[in-house]
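If you want the building blocks of each chain, they are given just below.
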Amino acid sequence: MHEGGFFFQALVYLAAMVVVVPIAKKLGLGSVLGYLLAGVIIGPFVLGFIGTEGQDVMHFAEFGVVMMLFLIGLELQPAKIWKLRAPIMGMGGMQVAGTAALVLLLGVFTGLPWQSALAIGFTLALSSTAIVLQTLNEKGLLPTDGGQRAFSVLLFQDIAVIPILAVFPLLALPGLAPASAQSEAGHGGNILADLPVWGQTLVVLGVIAAIILAGRYAINPAFRLLARTRLREVFTAATLLLVIAIAVLMSAVGLSPALGTFLAGVVLAQSEYRHELETDIEPFKGLLLGLFFLSVGASIDFRLIQHSPGLITGLVFGLIVVKLLVLWITGAVFRLSTDNNLLFTFSLAQGGEFAFVLFSYATQNGVLGTDTASPLVAAVAVSMALTPLLMMLNERLLLPRFGTKQAGEREADVIEEQNPVIIAGFGRVGSIIGRFLQAHGVQATYLDIDPDNVDLLRKLGLRVYYGDASRHDLLHAAGAASARLIVIAVDDPDKGYEIAETVRRHYPQLRIIARTRGWRDSYDMLDLGVEDVYRETLDASLRMGADVLAALGHRRFALYRATHTFRKHDERYVRELAVMRKDSKSLLHGARQRIADLEILMSEEMDQLGRDKDSGWDASSLIEEYGTSRTP
């Protein structure tokens, strides 16, 4: 370690994050560029607070990329991955092959052996998974068509690293002696190296199958047992153990750790513990990714750039231009709209973190000389640092002029009023609630995240504000600090949960009335401490059921009281079953028991009402029941 030891290094890295990154965000540069600038400032070529150990920190911090892919996998259903198969294989294959071929031609033209030029082409074809996904996530662009295509290509590139590593030893040049050192980042630790190709293939397929089977049948029961301990730190440790174990296993068989953890995340996307896994991993992911970007900034060899500025500038410019050309053609072939193609092209027009590993591996196997690899490594690092600037160039100069005039993400509205009630989501449910309140003289602040819906409602004369109610700053502007309650009426259960989380964290005094779709969403809200939970279909279903029975000849007074009884007990059962949700066996048993109990209860009540017709409208019993119960 550098002078000062571990604590000094930790102080330097954390201070750089805390000081430089917020300034960069304030200036509109984004957090990624802030981390890169912070790394440059504390690196060996500016302040010199860190030295050569920055490379070791980078290898450690690369684990943040692994965690990021795991979290992305948790957000994707297997069906969605299947839908992306065409862009993953088609666009990814075309981009990697096209970039490698073009660089091969340029390399041979400049006098490089074709073997070295091909190795350089494959390496430069890869982009930075960490920087691209972090930037797209930060800007909210990952769900767009261009963002999804960029993600698909990055996934293909991660897969492509495996055959590229296998091909490099075959490209060795007779004049270059291979180094004896093993590859970095765990690739040289492949335990399958002595097996024949068919044996390696079987073992790799077996490992992937084991991850899928464990994710479906073993991990949930294990987490269920850990959840019963009610020790949060043990659950967090188990989550980290899961990710690290998969990363180590994938590295041991020569596969990408990021690819393995992404696969595990996809398998667990439908797990009942998905939210807990996300919550436990997110802080570690963010911190390690920040360290990774800092290390990239610190690793830029400014001494080499100073000695050969023309060479490095030419390499960086050539790399970006070649990738922009190939990516634009790829997007055009797959019929991306202009604005999405610009996003897709400019987001991937840099080198990737795997280049550090692959260039080292190529040098050790006699494919490239050190004098060739060193400038390329510097060029890749500079291109990665330029990515946020390229994205800004696209957003501020190109999209306004050449985009398809598709509405981008608009800024949240300035909220000009504060009311005792905030309604988040002014769609099917929220609009009815708002109209009912307004009819009783109660004013509310209406927030909605759908810009088209907001524009339509304003044309109808309704004062609705555009904005994401899960954002703390927007809630503050809407008067959450002084409001009495918030109604969460959004369609998306995940977004509703995010809003409730934000309110619970920042405005614990604010009463939450939350709309949910079913029992599982209700469980999530109850876990947050939200007591007023309303399943959107419950009342409509009970009314329809009562009308069916009325059409069959049942008396209305009896049905009126029966629906109230059913609703009251069903609401109680949801709260009782929420306690059992971590144990599927107990949950199923409890649900079956309560369904049977409710059927018996309703049957007995209908029989009683049938024997005493007048009791259905008994005033004292109605006041007793309705005055002490809450409408669900």
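Rules and cut-offs
Residue positions are given per chain, counted from 1 along the sequence in the order it is written. With pLDDT at 70 or above as the cut-off, local features in this predicted model cover only qualifying residues; side-chain atom pairs require 80 or more to be listed or tallied, and sums for whole chains, interfaces and linings still use all residues. Hydrogens and waters are ignored; side-chain quantities use all the structure's heavy atoms. Numbering of helices and strands runs from the N terminus; a helix is a DSSP stretch of H or I covering at least four residues, while a strand is a stretch of E covering at least two. The contact criterion used throughout is that any non-hydrogen atoms of two residues lie within 4.5 Å. All accessible-area figures derive from a Shrake-Rupley calculation using a 1.4 Å probe, and residue coverage is judged against the displayed protein chains alone. When DSSP finds two or more bridges between a pair of strands, those strands are recorded as paired. All axes are obtained by fitting lines to C-alpha atoms, using only the stretch in contact for helices, and the reported angles, taken between N-to-C directions, cover 0 to 180 degrees. Each pair of aromatic rings taken from Phe, Tyr and Trp, with Trp reduced to its six-membered ring, is defined by centres within 6.5 Å and is described as stacked if the planes are under 30 degrees apart, edge-to-face if over 60, and tilted in the remaining cases. Buried means the residue's accessible area, taken with a 1.4 Å probe over protein chains only, is under 20% of the maximum for its type, while exposed means over 50%, and partly exposed covers the values in between. Predictor confidence is given residue by residue as pLDDT, running from a minimum of 0 to a maximum of 100. Here a crossing is called left-handed whenever its near helix is offset anticlockwise from the far helix by less than a right angle, and right-handed whenever the offset is clockwise. For this classification, Asp, Glu, Lys and Arg are treated as charged, while Ala, Val, Leu, Ile, Met, Phe, Trp, Tyr, Cys and Pro are nonpolar and the rest, including Gly, are polar. Exposure above 30% relative accessible area and the absence of a salt bridge qualify a residue for a patch, where like charges join within 9 Å and nonpolar side chains (Val, Leu, Ile, Met, Phe, Trp, Tyr) within 5 Å. Definition used for salt bridges: Asp or Glu carboxyl oxygen within 4 Å of a side-chain nitrogen of Lys or Arg. Viewed with both strands pointing away, a crossover whose connecting path from the first strand over the helix to the second turns clockwise is right-handed. Two N or O atoms form a polar contact when they lie within 3.5 Å of each other; inside protein one atom must be a possible hydrogen donor and the other a possible acceptor, and for residues adjacent in sequence the pair counts only when both atoms belong to side chains. Positive charges come from Lys and Arg alone, negative charges from Asp and Glu alone, with His and the N- and C-terminal ends not counted. Expected helix span is given by 1.5 Å per residue-to-residue step, counting one fewer step than there are residues.

### A few points about the overall build of the protein chain
Link 1 in the chain: Along its length, the protein chain carries 28 helices and six strands.
Link 2 in the chain: Looking at the protein chain alone, contacts between residues at least 24 apart form 76% of all its contacts between residues at least 6 apart.
Link 3 in the chain: Split by element, the accessible area of the protein chain, about 30700 Å² in all, is 64% carbon and sulfur.

### Thoughts on the sheet that holds strand S4 (residues 485–488)
Link 1 in the chain: Strand order in this open sheet of six strands is S3-S2-S1-S4-S5-S6, and the pairing throughout is parallel. Edge strands, defined here as strands with exactly one partner in the open sheet, are strand S3 (464–466) and strand S6 (532–535). Mean inter-strand twist for the sheet, computed between neighbouring axes without regard to direction, equals 20°.

### Focus on the packing of aromatic side chains
Link 1 in the chain: Enumeration over the complete set of coordinates arrives at one aromatic pair.
Link 2 in the chain: Ring geometry for Phe 426 and Tyr 446: centres 4.4 Å apart, planes at 35°, overall tilted. On the criterion of sequence distance, the pair formed by Phe 426 in the loop between strand S1 (421–424) and helix H20 (428–439) and Tyr 446 in strand S2 (residues 444–448) is long-range, its members being 20 residues apart. Take Phe 426 and Tyr 446: they sit in the same class, and that class is buried.

### Quick look at unusual backbone geometry
Glycine aside, residues mostly have negative phi angles, and peptide bonds mostly take the trans form.
Link 1 in the chain: The backbone of Arg 335 shows a phi angle near 60°, a positive value even though the residue is not glycine.
Link 2 in the chain: In this fold, Arg 335 is placed in the loop between helix H16 (309–333) and helix H17 (338–347).

### A look at the confidence of the model for the protein chain
Link 1 in the chain: Of all residues in the protein chain, 78% attain a pLDDT of 70 or more, and the chain-wide mean is 76.
Link 2 in the chain: Averaged over each element, pLDDT in the protein chain is lowest for helix H28 (residues 619–627) (48) and highest for H16 (92).
Link 3 in the chain: Per-residue pLDDT stays below 50 along residues 611–623; that stretch engages in 15 contacts with residues further than four places along the chain or on separate chains.
Link 4 in the chain: pLDDT under 50 marks residues 628–632. Its contacts with residues more than four places away, or in other chains, come to 16 contacts.

### Observations concerning the packing of helix H8 (residues 129–139) against helix H19 (residues 370–402)
Link 1 in the chain: The interhelical angle for the contact between H8 and H19, taken along N-to-C directions, is 35°, at an axis separation of 10 Å. Regarding H8 and H19, the two cross each other, and that crossing is right-handed. Of the residues in H19, those in contact with Ile 131, Thr 135, Leu 136 and Lys 139 of H8 are Met 384, Thr 387, Met 391 and Glu 395.
Link 2 in the chain: Classifying every residue of the contact of H8 with H19 gives four nonpolar, two polar and two charged.

### Things to note about a nonpolar patch on the surface
Link 1 in the chain: Taken together, the side chains of Leu 325, Trp 328, Ile 329, Val 333 and Phe 334 present a nonpolar region at the surface, about 440 Å² in accessible area.
Link 2 in the chain: Looking at where Leu 325 falls in the secondary structure, it is placed in helix H16.
Link 3 in the chain: Residue classification places Leu 325 among the partly exposed residues on the basis of a relative accessible area of 46%.

### Overview of the pairing of S2
Link 1 in the chain: Among the five residues of S2, five are classified as buried, and the element is accordingly described as predominantly covered.
Link 2 in the chain: Here S2 shows two buried faces, one formed by Ala 444, Tyr 446 and Asp 448 and the other by Thr 445 and Leu 447.
Link 3 in the chain: Pairing of S1 with S2, which is carried by four bridges, proceeds in the parallel orientation. Bridge assignment links Ile 422 to a residue of S2, and that residue is Thr 445.
Link 4 in the chain: For the handedness criterion, the β-α-β arrangement of S1, H20 and S2 is classed as right-handed.

### Digging into the environment of Val 454
Link 1 in the chain: Following the sequence through the fold, Val 454 ends up in helix H21 (residues 451–459).
Link 2 in the chain: Since its relative accessible area comes to 0%, Val 454 is described here as buried.
Link 3 in the chain: Sequence separation between Val 454 and Val 464 is ten residues; the distance between their C-alpha atoms is 6.1 Å.

### Some thoughts on the pattern of salt bridges
Link 1 in the chain: Under the counting rule described, the total for this entry stands at six salt bridges.
Link 2 in the chain: Here Lys 495 and Asp 468 are joined by a salt bridge, their closest N and O atoms 3.0 Å apart. Taken together, the residues span a long stretch of sequence, with Lys 495 in helix H23 (residues 493–506) and Asp 468 in the loop between S3 and helix H22 (472–477) at a distance of 27 residues.
Link 3 in the chain: For the salt bridge of Glu 498 with Lys 495, the shortest nitrogen-to-oxygen distance reads 3.3 Å. Here Glu 498 pairs with Lys 495, and both are found in helix H23, just three residues apart, close to one helical turn.
Link 4 in the chain: What makes Glu 498 partly exposed here is its relative accessible area of 36%.

### A look at the side chain of Thr 387
Link 1 in the chain: Its place among the elements puts Thr 387 in helix H19.
Link 2 in the chain: Judged by its relative accessible area of 1%, Thr 387 falls in the buried class.
Link 3 in the chain: In terms of polar contacts, Thr 387 uses its side chain to reach the backbone carbonyl oxygen of Ser 383, at 3.2 Å.

### Remarks on the side chain of Asp 448
Link 1 in the chain: If you trace the backbone, Asp 448 turns up in strand S2.
Link 2 in the chain: In this structure Asp 448 is buried but unpaired, with Arg 515 as the nearest side chain of opposite charge at 8.5 Å.
Link 3 in the chain: Here the side chain of Asp 448 touches Phe 426 through a polar contact of 2.7 Å, landing on its backbone nitrogen.
Link 4 in the chain: Ignoring any residue separated from it by four or fewer positions in sequence, one finds Asp 448 in contact with Gly 425, Phe 426, Gly 427, Asn 453, Val 454, Val 464, Tyr 465, Tyr 466 and Gly 467.

### A short note on helix H12 (residues 232–252)
Link 1 in the chain: With 21 residues, H12 extends 30 Å from end C-alpha to end C-alpha; this agrees with the ideal 30 Å at 1.5 Å per step.
Link 2 in the chain: Residues Phe 235, Thr 236, Ala 238, Thr 239, Leu 240, Leu 242, Val 243, Ile 246, Ala 247, Met 250, Ser 251 and Ala 252 constitute the buried set of H12.
Link 3 in the chain: Note on H12: the residue one or two positions beyond its end, Gly 254, has a positive phi of about 85°.

### Focus: the environment of Arg 543
Link 1 in the chain: Note on placement: Arg 543 falls in helix H25 (residues 538–551).
Link 2 in the chain: Using a relative accessible area of 63% as the deciding quantity, one classes Arg 543 as exposed.
Link 3 in the chain: Considered as a pair, Arg 543 and Thr 563 are 20 residues apart in the sequence and their alpha carbons are 7.7 Å apart.

### Digging into the pairing of S4
Link 1 in the chain: Along S4, one buried face is formed by Leu 485 and Val 487 and the opposite face, lined by Ile 486 and Ile 488, is buried too.
Link 2 in the chain: Summarising the sheet, S1 and S4 pair through four bridges and their orientation is parallel. Note that in S4 the partner of Ala 424 across the bridge is Ile 488.
Link 3 in the chain: When S4 meets strand S5 (residues 511–516), the two strands line up parallel, connected through four bridges. Across the sheet, residue Val 487 finds its bridge partner in S5, namely Ile 513.

### Things to note about the environment of Ala 238
Link 1 in the chain: Looking at the element boundaries, Ala 238 is found in helix H12.
Link 2 in the chain: In sequence terms Ala 238 and Leu 277 are 39 residues apart; their C-alpha atoms lie 9.6 Å from each other.
Link 3 in the chain: Setting aside its immediate chain neighbours within four residues, Ala 238 contacts Phe 223 and Leu 226.

### A word on H16
Link 1 in the chain: Taking 1.5 Å of rise per residue, 25 residues should cover 36 Å, and H16 covers 36 Å from first to last C-alpha, within 8% of that figure.
Link 2 in the chain: Listed as buried for H16 are Ile 312, Val 316, Leu 319, Ile 320, Val 322, Lys 323, Leu 324, Val 326, Leu 327, Thr 330 and Gly 331.
Link 3 in the chain: Packed against the buried residues of H16 are helix H6 (85–109), helix H7 (114–124), helix H15 (302–307), H17 and H19.
Link 4 in the chain: Positive backbone phi, approximately 60°, marks Arg 335, located one or two places after H16.

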